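An overview of the molecular structure
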Amino acid sequence: MPHPLTALGLLAGLTLLSPAALAALDFQPCADRSDFAELADSQCARVSMPADHAQAGGEQIELFLRRFPAPGRARGTVWLVAGGPGESGAMFYPLRRQLAQAFPGYDLIIPDHRGTGFSTRLCPTEEAVQSPGGAALEGAEWASCYGSLAQAPARLQQFSLAQAADDLAALLARDASSGPRYLYAVSYGTQLSLRMLASHRPRLDGLMLDSLVPRQDDAAHDLSMRSHDVDRAGWQWLADCAADPACGQAAGPKLGERYRAWLASQDAAASDSLRLQLGNLLDGPEPGRDLIRSLNGLLQGDPTALQTAQTEQAARLAPFLAYPQSPPALPLTQLISASENDLQPTRSADEVRRSEAELGFLSPLPRILARHRGNSYARSELALALPLQLPPTLLLHGSHDPKTSYAGAASHLQLLRTRGPVSLHRVLGGSHFLLWHASACSIPALRDFLANPHAVRAQRADSECRQP
């Protein structure tokens, strides 16, 4: 358990916004509104922001925001904070239908985190949309980008989670819209939002956290342990199948035991490849179906089901990769991940591999972190601070989340409840990013929350929904 901050420490952590940060946002019709049907009504803004919020008069960066105005008169505003780190606000663009259903009548504002999308990048030349690889790094751009960053520790600190949290507070302060204001955040976005609330008191009528990250001192669920979280989710799906007569009959008896025996018969390279492929299937809209069918086919000597599942998964992801700012900002991903969420920074790739030897399902992330530990910054003293005060808050979390495990979220939830009213909506069989992966369960919960966020203050009972 982290030591709570003293009152003096909390006051010291409060960040004062400069007068420039309070200028109202100026949205204009977007230049790319004719490029994609879902962007036709969008409005865009570019906002100057201090590269270092402690030096408001120094170097500036630029943040990009997109707004989708509500039809007619807006009931209020919902700010959408993307996951990652490294994802831009473009991750929400293909979800216009779900967003309209979840937040009917609300203006939607989506910022691009510094270092992502159309906001200022860590490597502006190499990550430019007009560069050879577009927003993604390609060829010699990798060495050029990372080489320049290795010589610029001050720039690394400018792109920290703490600076991004100050960005979010400053943007909210510039929002002059009337009516209720809410914030909806996904995955890493929940970490960013909670960090912002540890040092700022923005006007928020409610907070919605989809797939809550574990606490930053939770060594059982940090990024170095991601494969263990993926593995738990995989075996949960196999146990669910065994308990369901129809699934159990289709998959055959003792599927899990047969899988372990099959893995033991493979060489290390083949085993690693398969465990990574199956682990990847768990991060999709229909993880249980994809996993059971793929595994059953493999055990019968037929890889077709796995190939089909991978093809279908790629097709489901394709709309999220269609925009110029879609490619994840990998330099930022590596920087924040290594600096904030890897609690075993000295582990080698071989040590990671040995710790994963008995797992049935893997994530590539722990090994990537171990092999590519380079750029990092000293994280803020507020890294373990709880929010100063939470508004009415709804937590949406899946029981089978392979990325932000339910166990880690549940532990974090208990601490958050010391800072304000929080209601949990648990999706049984739910995976990660529930607005997308479990819209039938998440959208009604979000609508109910917006209709009466103060029901949380009345200690409304937690709720559950089973993913169809």
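Rules used in this analysis
- Residues numbered from 1 in each chain as written.
- Predicted model: local features only at pLDDT ≥ 70, side-chain atom pairs only at ≥ 80, totals over all residues.
- Heavy atoms only, no water.
- Helix = DSSP H or I, 4+ residues; strand = E, 2+ residues; numbered from the N terminus.
- Expected span 1.5 Å × (residues − 1).
- Buried < 20%, exposed > 50% of the residue type's maximum accessible area, 1.4 Å probe, protein only.
- Contact = heavy atoms within 4.5 Å.
- Salt bridge = Lys/Arg side-chain N within 4 Å of Asp/Glu carboxyl O.
- Pairing = 2+ DSSP bridges.
- Axes fitted to C-alpha atoms, helices over the stretch in contact; angles between N-to-C directions.
- Nonpolar A, V, L, I, M, F, W, Y, C, P; charged D, E, K, R; others polar.
- Phe/Tyr/Trp six-rings, centres within 6.5 Å; stacked < 30°, edge-to-face > 60°.
- 1 Å grid on protein atoms, 1.4 Å probe; cavity = no way out; pocket = protein on both sides within 12 Å on 5 of 7 lines; lining within 4 Å.
- Points joined across faces, edges and corners; volume = space filled by probe spheres on them.
- Polar contact = N/O pair within 3.5 Å; in protein donor to acceptor, adjacent residues only side chain to side chain.
- Disulfide = S-S within 2.5 Å.

**What to know about helix α5 (residues 161-174)**
The end-to-end C-alpha separation of α5 is 20 Å, in line with the 20 Å expected for 14 residues at 1.5 Å each. Within α5, 12 of the 14 residues are buried, which leaves the element mostly enclosed by the surrounding structure. Within the sequence span of α5, burial applies to Leu161, Gln163, Ala164, Ala165, Asp166, Asp167, Leu168, Ala169, Ala170, Leu171, Leu172 and Arg174.

**Quick notes on the environment of phenylalanine 320**
Structurally, the position occupied by phenylalanine 320 is in the loop between α12 (304-317) and α13 (330-340). Judged by relative accessible area, phenylalanine 320 falls into the buried class, the value being 14%. Taking the C-alpha atoms as reference, phenylalanine 320 lies 22 Å from valine 230; in sequence the two are 90 residues apart. In contact with phenylalanine 320, not counting residues within four places along its chain, are Met91, Pro94, Leu95, Ser326 and Trp436.

**Section: the pattern of salt bridges**
A side chain with one charge may pair with a side chain of the opposite charge, provided their charged atoms come close. Per the stated rule, a full pass over the model turns up 22 salt bridges. For aspartate 283, the salt bridge goes to lysine 403, with nearest N and O atoms at 2.9 Å. Here aspartate 283, found in the loop between α10 (268-281) and α11 (287-299), pairs with lysine 403, found in the loop between β8 (393-398) and α16 (406-416); they are 120 residues apart in sequence, far enough to count as distant. Classification of aspartate 283 by relative accessible area gives partly exposed; the value is 24%. Three or more residues joined by partner-sharing salt bridges are found here, namely Asp272, Arg275, Arg353, Glu356 and Arg367.

**Details of the sheet that holds strand β6 (residues 181-186)**
As summarised here, the arrangement of the 10 strands in space is β1-β2-β3-β5-β4-β6-β7-β8-β9-β10, forming an open sheet in which the pairing is mixed. Because the sheet does not close on itself, it has two edges, and the strands there are β1 (28-29) and β10 (463-466). The sheet contact formed by strand β2 (residues 43-50) and strand β3 (residues 60-68) spans eight bridges and is antiparallel. By the bridge assignment, valine 47 is partnered in β3 with leucine 63. Taken strand by strand, helix α6 (residues 188-197) contacts β4 (76-81), β6 and β7 (206-210), and its axis lies near 135 degrees from that of β6. Along the sheet, α16 contacts β7, β8 and β9 (422-428); its crossing angle with β9, the most-contacted strand, is approximately 165 degrees.

**A closer look at the packing of helix α9 (residues 255-264) against α10**
At a minimum axis separation of 10 Å, α9 and α10 run at an interaxial angle of 145 degrees. Note on element contacts: α10 touches α9 through Ser271, Leu274, Arg275 and Leu278, opposite Tyr259, Trp262 and Leu263. Split into classes, the residues belonging to the contact of α9 with α10 amount to five nonpolar, one polar and one charged.

**Some words on the environment of alanine 264**
Within the secondary structure, alanine 264 sits in helix α9. For the pair formed by alanine 264 and glutamate 358, sequence separation is 94 residues and the distance between their alpha carbons is 9.8 Å.

**Examining the packing of aromatic side chains**
Enumeration over the complete set of coordinates arrives at 15 aromatic pairs. Relative to phenylalanine 118, the ring of phenylalanine 64 lies with its centre 5.1 Å away and its plane at 90 degrees, an arrangement referred to as edge-to-face. Taken together, the residues phenylalanine 64 in strand β3 and phenylalanine 118 in the loop between β5 (106-111) and α3 (141-150) connect sequence positions 54 residues apart. The exposure class assigned to phenylalanine 64 is buried, which follows from its relative accessible area of 3%.

**Quick notes on the layout of surface pockets**
The computed volume of the second largest pocket comes to approximately 490 Å³. As for the second largest pocket, its lining consists of 21 residues, of which Trp237, Gly288, Arg289, Gln467 and Pro468 are closest to the centre. Contributing elements (two or more residues each) for the lining of the second largest pocket: α7 (226-243) and α11. Across the lining of the second largest pocket, the residue classes tally to nine nonpolar, six polar and six charged.

**As for the side chain of arginine 275**
Locating arginine 275 in the fold gives a position in helix α10. Polar side-chain contacts of arginine 275 include one of 2.6 Å to the side chain of aspartate 272. Those residues in contact with arginine 275, other than ones at most four positions away along the chain, are Tyr259, Leu263, Glu356, Ala357, Leu359, Gly360, Phe361, Leu362 and Arg367.

**Re the state of the cysteines**
If you walk through the whole model with that rule in mind, you get four disulfides. The disulfide bridge from cysteine 30 ends at cysteine 44, spanning 1.9 Å between sulfur atoms. Here the disulfide of cysteine 30 and cysteine 44 is right-handed, its torsion about the S-S bond being about 100 degrees. Separated by 14 residues along the polypeptide, cysteine 30 in the loop between β1 and β2 and cysteine 44 in strand β2 bring together distant segments of the chain. Judged by its relative accessible area of 1%, cysteine 30 falls in the buried class. Here cysteine 441 engages in a disulfide with cysteine 465; their sulfurs sit 2.0 Å apart. On the sign convention where negative means left-handed, the S-S torsion of about -70 degrees between cysteine 441 and cysteine 465 marks this disulfide as left-handed. Within this pair, whereas cysteine 441 is found in helix α18 (residues 439-451), its partner cysteine 465 is found in strand β10, the two being separated by 24 residues in sequence. Once the bonded cysteines of the protein are numbered in order along the sequence, the disulfide links fall as 1-2, 3-4, 5-6, 7-8.

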